[in-house]
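An overview of the molecular structure
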Amino acid sequence: MSGLKKKLSPILLISTFILSAIAHYTHFGSIAEFILSAIAVIFVAGFLGKATESVAHYAGQRLGGFLNATFGNAAELIIAIFLIKEGLFDMVKASLTGSILGNLLLVLGISLFAGGLKHKVQNFNVTLAGMNGSLMIVAVIALFIPAVFLNTKSITSSETNTLSLVVAGILIVSYIAWLLFSMITHKDYLEDATYDSDEELPHEHTPAWGKKRSILYLFIATVMVALVSEWLVHTLESITAAFGLSELFVGAFVVAIVGNAAEHSAAVLLAMKNKIGAAVEIAIGSSLQIALFVAPVLIFVSFFMGTPMNIVFTVIELVAIVVSVFIAKSITQDGATNWYEGLLLIAVYLILGVSFYLA
Amino acid sequence: MSGLKKKLSPILLISTFILSAIAHYTHFGSIAEFILSAIAVIFVAGFLGKATESVAHYAGQRLGGFLNATFGNAAELIIAIFLIKEGLFDMVKASLTGSILGNLLLVLGISLFAGGLKHKVQNFNVTLAGMNGSLMIVAVIALFIPAVFLNTKSITSSETNTLSLVVAGILIVSYIAWLLFSMITHKDYLEDATYDSDEELPHEHTPAWGKKRSILYLFIATVMVALVSEWLVHTLESITAAFGLSELFVGAFVVAIVGNAAEHSAAVLLAMKNKIGAAVEIAIGSSLQIALFVAPVLIFVSFFMGTPMNIVFTVIELVAIVVSVFIAKSITQDGATNWYEGLLLIAVYLILGVSFYLA
Amino acid sequence: MSGLKKKLSPILLISTFILSAIAHYTHFGSIAEFILSAIAVIFVAGFLGKATESVAHYAGQRLGGFLNATFGNAAELIIAIFLIKEGLFDMVKASLTGSILGNLLLVLGISLFAGGLKHKVQNFNVTLAGMNGSLMIVAVIALFIPAVFLNTKSITSSETNTLSLVVAGILIVSYIAWLLFSMITHKDYLEDATYDSDEELPHEHTPAWGKKRSILYLFIATVMVALVSEWLVHTLESITAAFGLSELFVGAFVVAIVGNAAEHSAAVLLAMKNKIGAAVEIAIGSSLQIALFVAPVLIFVSFFMGTPMNIVFTVIELVAIVVSVFIAKSITQDGATNWYEGLLLIAVYLILGVSFYLA
């Protein structure tokens, strides 16, 4: 992987990006656009992974992971706003669901699996694991309760919207308080004990770029990933129509895999370098950000756009989110991971994927 | 708070109590009775908090917490028996639900939050936390199973009553065995390691009253809280009718907040004094006592009164109890707490409160 | 118990076994066959317990436990294949459910209770406890997801069978990977720290038989248990018809208790000898083997027999499995057990048993 990464010369990165852009804007046709954007996404995701790694070097594992998750989700937020403008609420919720599943099961699963094959047992801060678990449960409760009340009591559409806004507000406040807690009041408490393990690997201490350049590249890479992701998503509609797939499956799995390519490559790379704390921060942090920040912000944005979207997910989406949270919480709560735990996460992802595909 | 507490002179306590009593028995009118009893409840709750603290000093944190929870729930048991006599089974179940939610989310949440603002991280016996978690899950299962069987199989009313009595009997035996376990066979095993931390605070070693007087005051304070709570609950019916609130919301939130005022003030006070073990014992211990002892006893009492009440709660009540147990278990299971965990519990309480209000 | 066990002379074992065999094959009549096979099962189970203990001495606690669980489940697998041949899918699923409940609640419960009465606190490898918990959750998810999709989406019978085969395949791969992980790549990581505690009990170091003879006896004892179990199960049908019990109750409780007699006696015996790691391995390992291996294999076997059985359990069965997993996970996750935790497991088993009986 390390050897492969070095071959990702800037020339290949820029040329595949430009080719994919030309294909998209001059309408080469779905299949050509799909292939070109799929190739481009590999290179830009690789670039983003390298930039994240470099920023993480300067910022520390946790802040680096947080920055990565935020940059990764910025793209998703933008895409979702476009979908809301088109009134495609179901597609928005399916892609939010898929993003949570993709991060908690696929990204985390492959990270633990790949990291675990290289390193027998990988450890990260057990207190952070516990806090993440509690945050995941709060997120699940916030999505679950409105759906239960809507299905058992006769609530008007207007009351559902009010409830959605209140719950969204509570989640945003909780998320801001979490940043305050984890970045300021209890920063050291959650600090990864294995963070200083870099010291033992002196060659790791010379990242490719300087501090400012790393941040600039992180920003540029995120924009590139967002653009290429959108081009790829754009082609998927006609591609998947031809293959007769359901909107739910495409939204929850295809869009989510592509949309999380950035987090994915960064997390796996960090896990293999034994920086499992940063990998977990990206995977779980990203899914928490989706549930506690991106989804609630979309409720408010849709409200102010005059097309209020409620926070009520379908039963299948809720069940998928609940089981993902349970298994991810169970696996991460002891702060120690291994390849088999990664395999279990992937197994659950496959079970859900096949079920969504057949449904 | 400490300064405020000293101003709670016996004169104010007794005068507000007597004023509230006169208002209640001479029928001043709902609004006047409500205001006077609400003021009185603050003073008697403060008195109870002080008495509990003093008894806890002599008895140790855990036994003190247990005594407090028991005295606090005695009031609820008496109120519930009156409600059963009137055939108000739904109100009884709503107030039991609210009592569990109120203790696990609001009392525990504010305790962790207030305690956490003063003390960065607060620790209590991790083994006790684990046992509490298992007991909570057993309580949830006992309430959940009869409801599931009633909704999926055609069970007669008589079979439901039989099942209710059997489950209630199993819960009471489990609770008595828990007292045997926690107070006798494994007392030291669950002993709070931080209990002796008092030693470092010599001024804490001179409680206001002697041992016997403390116990007497604890008893008197509990009776006063029970009386004032009842007077307040009495006024709520007409007050809430005027505001158009649902019975479920009043039972589960208004009655529960007032009914748990005693546990509430005692737990928060202890948390701020860094006796988080006792605070957790009050909050979780009280909700366990409701689920494992008060509710089952009411099933038997109602049966012997000739008006059998079954143990089947509504779907909304069960879901609310299940999510409360999950988040409380997740937050307490590591035996370490902080302000953010308190905030998460309060957030879940607000989400449930708004949902019950709108439903 | 130790004194009693010594009285189980080979003569009694063989004579009760032969008597029961004669009763079965010459059709003494249900009641006589029931009584004779019930007596025989006690002696063969005792023999199996002794053989397991002896093999565990040579193989180590965990491998010994695994061998015992496998041998115990071989009998269940054979019985289930006969039931599938008769098209009795509901009875198969009920007995699989009962086997999981029986192991997680009754076998584990009585082991912890009996072991806890003799030894104040019993400890086993906490990492293994965590891995077991995650495996249990994956098993629950795999059984839960197909049922949810079947109940919320219109899936054809053929799609249900496809989904069943895919999920079964994923489970079998996960189980084989688990053996690879726990027996090879991370064997020492999961090794029970208390395993060497035998050293303090020198008289334990002289098991009744040599290594080869122990393995031979383990094999013979398993076959005897399988045969006697089948004879007993055979009589139950007519016995229970006379008592008016439901198929679900008989399948999930009566068949399961008898079918797990072997695991049961072995686990309790080991727990009382303070080898709680091996006892937990038998109880939890056996239920994992049922969910991750026996059930999926039956899906494939039924498919190749031309009478495909799907993996969709009833709501009541799923709820019973879910609650069993939750309480077992909560109780074992800290790697420390006591008598009260055993009592809680038994309480949940009783609640489920009464509910299944009345339903």
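Let us look at the structure shown here. What you see is a predicted model; the values in this text were computed from it and never measured.

Volume-wise, the largest pocket comes out at about 1800 Å³. Taken together, 45 residues line the largest pocket, and the ones lying closest to its centre are Phe 144 and Val 319 of chain A, Phe 144 and Val 319 of chain B together with Phe 144 of chain C. Contributions of two or more residues to the lining of the largest pocket are made by helix H6 (126-152) and helix H12 (315-332) of chain A, helix H6 (126-152) and helix H12 (315-332) of chain B together with helix H6 (126-152) and helix H12 (315-332) of chain C. A per-class count over the lining of the largest pocket returns 39 nonpolar, six polar and no charged.

With that settled, the discussion passes to the relation of the copies chain C and chain B. When chain C is brought onto chain B, the operation consists of a screw motion whose angular component is 120° and whose axial shift is 0.0 Å, with 0.0 Å RMSD remaining. Such a turn and shift between the copies fits a three-fold axis. Residue by residue, only 7% of the interface of chain C is reproduced at the interface of chain B, so the copies engage with different surfaces.

Moving on: the interface of chain C and chain B. Taken together, the contacts link 28 residues of chain C with 32 residues of chain B. For the pair chain C and chain B, the two sides together bury roughly 2800 Å², of which 79% comes from carbon and sulfur. The largest share of the area that chain C buries against chain B comes from Tyr 340, Ile 351 and Leu 358 of chain C, three residues that together contribute 23% of it. The interface formed by chain C and chain B includes one salt bridge.

Counting residues at the interface gives 28 residues for chain B and 32 residues for chain A. In total, chain B and chain A occlude about 2800 Å² of area from one another, counting both sides; carbon and sulfur atoms represent 79% of this. In this structure, the connection of chain B to chain A is made through one salt bridge. Note that Asp 188 of chain A is salt-bridged to Lys 120 of chain B, the shortest N-O span being 2.9 Å. At the surface where chain B touches chain A, the tally comes to seven residue pairs in polar contact (both at pLDDT 80 or more). Where the side of chain B that touches chain A is concerned, the elements lending two or more residues are H12 and helix H13 (339-358) of chain B. For the side of chain B that touches chain A, the element with the most residues is H13 of chain B, which contributes 14 residues. When grouped by side-chain class, the residues that make up the side of chain B that touches chain A number 22 nonpolar, four polar and two charged.

With that out of the way, let us pick up the packing of helix H5 (residues 89-118) of chain B against helix H11 (residues 276-304) of chain B. Two measures define how a pair of helices packs: the angle their axes make with one another and the distance between the axes. All names here are of chain B. Here H5 crosses H11 at 170°, and the two axes come no closer than 9 Å. One finds that H5 runs roughly antiparallel with respect to H11. A class-by-class count of the residues in the contact of H5 with H11 yields 18 nonpolar, five polar and no charged.

Residue and element names in this part refer to chain C. Evaluation of the coordinates by the stated rule reveals 57 aromatic pairs over all chains. Judged by centre distance (5.6 Å) and plane angle (15°), the ring pair of Phe 249 and Phe 253 falls under stacked. Here Phe 249 and its partner Phe 253 are both found in helix H9 (residues 247-259), four residues apart, which amounts to about one turn of the helix. The pair formed by Phe 249 and Phe 253 is uniform in burial state, with each residue classed as buried.

Reading guide: rules and limits
- Residues numbered from 1 in each chain as written.
- Chains lettered and ligands numbered in written order.
- Predicted model: local features only at pLDDT ≥ 70, side-chain atom pairs only at ≥ 80, totals over all residues.
- Heavy atoms only, no water.
- 1 Å grid on protein atoms, 1.4 Å probe; cavity = no way out; pocket = protein on both sides within 12 Å on 5 of 7 lines; lining within 4 Å.
- Points joined across faces, edges and corners; volume = space filled by probe spheres on them.
- Helix = DSSP H or I, 4+ residues; strand = E, 2+ residues; numbered from the N terminus.
- Nonpolar A, V, L, I, M, F, W, Y, C, P; charged D, E, K, R; others polar.
- Least-squares fit on C-alpha atoms with pLDDT ≥ 70 in both.
- Contact = heavy atoms within 4.5 Å.
- Buried area = accessible area lost by both parts, 1.4 Å probe.
- Salt bridge = Lys/Arg side-chain N within 4 Å of Asp/Glu carboxyl O.
- Polar contact = N/O pair within 3.5 Å; in protein donor to acceptor, adjacent residues only side chain to side chain.
- Axes fitted to C-alpha atoms, helices over the stretch in contact; angles between N-to-C directions.
- Parallel < 35°, antiparallel > 145°, perpendicular 65-115°, else oblique.
- Phe/Tyr/Trp six-rings, centres within 6.5 Å; stacked < 30°, edge-to-face > 60°.
- Buried < 20%, exposed > 50% of the residue type's maximum accessible area, 1.4 Å probe, protein only.

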